[in-house]
Amino acid sequence: VLAAGRGKLAPSLFLTEIGPKLREMQAAPDKATAAATDLASIISLGPLCQEAFAQPTHEGATGFAHLLAPLCSPHSELQAAAAGIVAEACSNEKSAAAFADPDLGLVGRIVDLLASDNDTTRQHAATALGRAVGSGMTTKERIKEVIKGSPDAKDLLAVVHKTSTSSEMRGQAKELLQESGV
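Residues numbered from 1 in each chain as written. Predicted model: local features only at pLDDT ≥ 70, side-chain atom pairs only at ≥ 80, totals over all residues. Heavy atoms only, no water.

If you had to explain helix H1 (residues 18-25) to someone new, which residues and values would you point to?
Inspection of H1 places Ile18, Gly19, Lys21, Leu22 and Met25 among the buried residues, and these make up the whole buried set. The buried residues of H1 occupy an angular sector of 165° when projected down its axis, which confines them to one face. (Buried < 20%, exposed > 50% of the residue type's maximum accessible area, 1.4 Å probe, protein only. Helix = DSSP H or I, 4+ residues; strand = E, 2+ residues; numbered from the N terminus. Arc of directions from axis to C-beta.)

Any chance you could break down the packing of helix H10 (residues 153-163) against helix H11 (residues 167-180) for me, citing the residues and the numbers?
Closest axis-to-axis distance for the H10/H11 pair is 8 Å, and the angle between their directions is 150°. Between H10 and H11, the crossing angle belongs to the class labelled roughly antiparallel. For the element pair H10 and H11, the recorded crossing hand is left-handed. Contacts between H10 and H11 pair Lys154, Leu157, Ala158, Val160 and His161 from the former with Met169, Arg170, Ala173, Lys174, Leu176 and Leu177 from the latter. Class assignment of the residues belonging to the contact of H10 with H11 gives a composition of 7 nonpolar, 1 polar and 3 charged. (Axes fitted to C-alpha atoms, helices over the stretch in contact; angles between N-to-C directions. Parallel < 35°, antiparallel > 145°, perpendicular 65-115°, else oblique. Left-handed = near helix turned anticlockwise from the far one by under 90°. Contact = heavy atoms within 4.5 Å. Nonpolar A, V, L, I, M, F, W, Y, C, P; charged D, E, K, R; others polar.)

Account for the state of the cysteines, with residues named and values stated.
Per the stated rule, a full pass over the model turns up 0 disulfides. Between Cys49, a cysteine without a disulfide, and Cys90, which holds the nearest cysteine sulfur, the sulfur-to-sulfur distance is 15 Å. By relative accessible area, Cys90 is classed as buried at 2%. (Disulfide = S-S within 2.5 Å.)

Which residues make up helix H9 (residues 137-149), and what are the values?
The end-to-end C-alpha distance of H9, which contains 13 residues, comes to 19 Å, matching closely the 18 Å that a straight helix rising 1.5 Å per residue would cover. Taken as a whole, H9 has its buried residues at Thr139, Lys140, Ile143, Lys144 and Ile147. Taken around the axis of H9, the buried residues stretch over an arc of 135°, which confines them to a single face. Exposed and oriented more than 90 degrees from the buried face of H9 are Thr138 and Gly149. Buried residues belonging to H9 abut helix H6 (93-99), helix H7 (106-112), helix H8 (119-133), H10 and H11. (Expected span 1.5 Å × (residues − 1).)

If you want it as structure tokens, here you go:
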């Protein structure tokens, strides 16, 4: 795994790895989870990597556009790793805005993952939504629109509001519930 030893190196050294890791994620489930874990590690290096992931330079699309299939995968480890990528990428305002692009459909999928049987997937989904909501008003408004249109969003957000160990996430779930009118 590429994560070892990255903390001491410049994030720009890893920008060229984003595209190949996205392609590797789509290859096969056994390779996809490791590639997704590596990609989350690259994106966690900071804003430079997060913004590079959000640029439409990965086969003509943003890195987010390549995540819908892994987020819908029947393989729970791949789903969790893909949700981890979204959570890391949403640490950056520009990346969070790219995540909330209504044409991608990722926000709805991340909301759905709040009901996952996998604890890690649920945690990453809640983290992604919390970070995205906190990143800016336009992104927050886009997320609210998805929540309004989701028949399950109220129940899922209520669970996050009541069970999250993060007071920040509980507050954001409550705020989304109130402002979305669901």
